[in-house]
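Listed here are the chains, written in short residue letters.
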Amino acid sequence: MSIVLGPNQYGKAENRVVRITRDTARHEITDLNVSTSLRGDFADAHTTGDQAKVLPTDTQKNTAFIYAKKHGVASPEDYALTLGHRFLDVTPAATSARIEVEQYAWDRIPVGDGGHDHAFVRRGGDVRTTVVTVGTSAGTGDIDGDGDGDGDGDSNGREAHVISGLKDLVVLKSTGSEFKGYLRDEYTTLQEADDRILATSLVARWRYLGTDVDWNKTYDSVRDTLLELFARTYSRALQESLHAMGTAVLERHPDVAEIRFSAPNKHHFAVDFSAFPDVENDGEVFIAADRPYGLIEASVVRDDVPEAPEAWLATPGFC
């Protein structure tokens, strides 16, 4: 029996990069959380301590900030792709670079027409995400499904997988949902519901078929589609809502290969007023229970598109 080094990667996690565009008196702000990592022939660093092939994580950090200045941040996807190519250019031992970006939204403080030029308030709610993996053909896979292993014609001649998404999108509908007809055994106590609150804190991530994408426009469209279908779908289960949402995204966006969901069921239970004869609860007062909770995870995929396991590797959780 022999013992060998298994899969590994290294990088700099959670660089908080804030880019202010101040070319005019009206400023723009882009607020990012950037994590970078490299995979490749780094066995010597683990087995003998030889760092000759290792690009320091501190260098990765510096690059994240410098590229925000030199190249700007037109979108998290463009920025991540540019970083990934840079790391491969300067790290010969690397076969792939993985860049994960979260973007936090800011709104202008409402002063005058159109908001203040350089004063902002942090927006609560969902966070935009992207995970980009850039690598050689040996390190990634055939992104466009044509079998030639050359990706989708990236201008740098490398393959790139792009997974965009969002997290912490808290949505609720006060009716239009039921849950009944489920399997029962001797331990089942849950009562069937013809009309219930349906709520979740949604995580959704979708994989693109290529990189020739209007990232910002498509992100906005996918987010709007998810919200629209959640609202419009009569739900016999959260699973049904997720399937309808994912199907609509793929129907409206042929450049999306698959979409994955992680959806904790944020339970709302009607308060029991039986001890108070003069008080009735006609589906109006609930207690929000944060745990334990049902966790629904699902994906909707095109069956004629090859899988891309490299794109999802090391992505936290199911998504």
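Note that the coordinates shown come from a computational prediction; the quantities given were computed from them, not determined experimentally. (Residues numbered from 1 in each chain as written. Predicted model: local features only at pLDDT ≥ 70, side-chain atom pairs only at ≥ 80, totals over all residues. Heavy atoms only, no water.)

Points about the pattern of salt bridges
Per the stated rule, a full pass over the model turns up 19 salt bridges. Between arginine 39 and glutamate 310 there is a salt bridge whose closest N-O contact spans 2.8 Å. Here the residue arginine 39 occupies a position in strand S2 (residues 28-40), and glutamate 310 occupies one in helix H6 (residues 309-312), the gap between them amounting to 271 residues. According to the relative accessible area criterion, arginine 39 is buried, its value standing at 7%. Residues participating in the shared-partner salt-bridge network are Arg207, Glu258 and Arg260. (Salt bridge = Lys/Arg side-chain N within 4 Å of Asp/Glu carboxyl O. Helix = DSSP H or I, 4+ residues; strand = E, 2+ residues; numbered from the N terminus. Buried < 20%, exposed > 50% of the residue type's maximum accessible area, 1.4 Å probe, protein only.)

A short note on the domain arrangement of the chain
Once the domains are mapped, the chain shows domain 1 (9-136) and domain 2 (167-312). Facing 15 residues of domain 1, the contacting portion of domain 2 comprises 11 residues. Buried area between domain 1 and domain 2, both sides added, is near 1200 Å², and the carbon and sulfur share of it is 42%. Among the residues domain 1 hides against domain 2, the three largest losses belong to Asp126, Arg128 and Thr129. Together they make up 41% of the total. Counting across the interface, domain 1 meets domain 2 through 3 salt bridges. Among the ionic pairs, arginine 223 bridges to aspartate 126, the shortest N-O distance being 2.8 Å. Where domain 1 packs against domain 2, one counts 8 residue pairs in polar contact (both at pLDDT 80 or more). (Domains from an automatic or database assignment. Contact = heavy atoms within 4.5 Å. Buried area = accessible area lost by both parts, 1.4 Å probe. Polar contact = N/O pair within 3.5 Å; in protein donor to acceptor, adjacent residues only side chain to side chain.)

Focus: the layout of surface pockets
The method is simple in principle: a probe with the dimensions of a water molecule rolls over the atoms, and the space it marks as empty is what remains. Considered as a void within the structure, the largest pocket measures approximately 620 Å³ in volume. What lines the largest pocket is a set of 25 residues, and nearest its centre among them are Leu190, Ala193, Arg196, His268 and Phe269. Elements represented by at least two residues in the lining of the largest pocket include exactly helix H5 (238-252) and strand S10 (268-270). When its residues are assigned to classes, the lining of the largest pocket shows 9 nonpolar, 10 polar and 6 charged. In this structure, the second largest pocket is lined by 23 residues; those nearest its centre are Gln103, Tyr104, Ala105, Trp106 and Arg123. (1 Å grid on protein atoms, 1.4 Å probe; cavity = no way out; pocket = protein on both sides within 12 Å on 5 of 7 lines; lining within 4 Å. Points joined across faces, edges and corners; volume = space filled by probe spheres on them. Nonpolar A, V, L, I, M, F, W, Y, C, P; charged D, E, K, R; others polar.)

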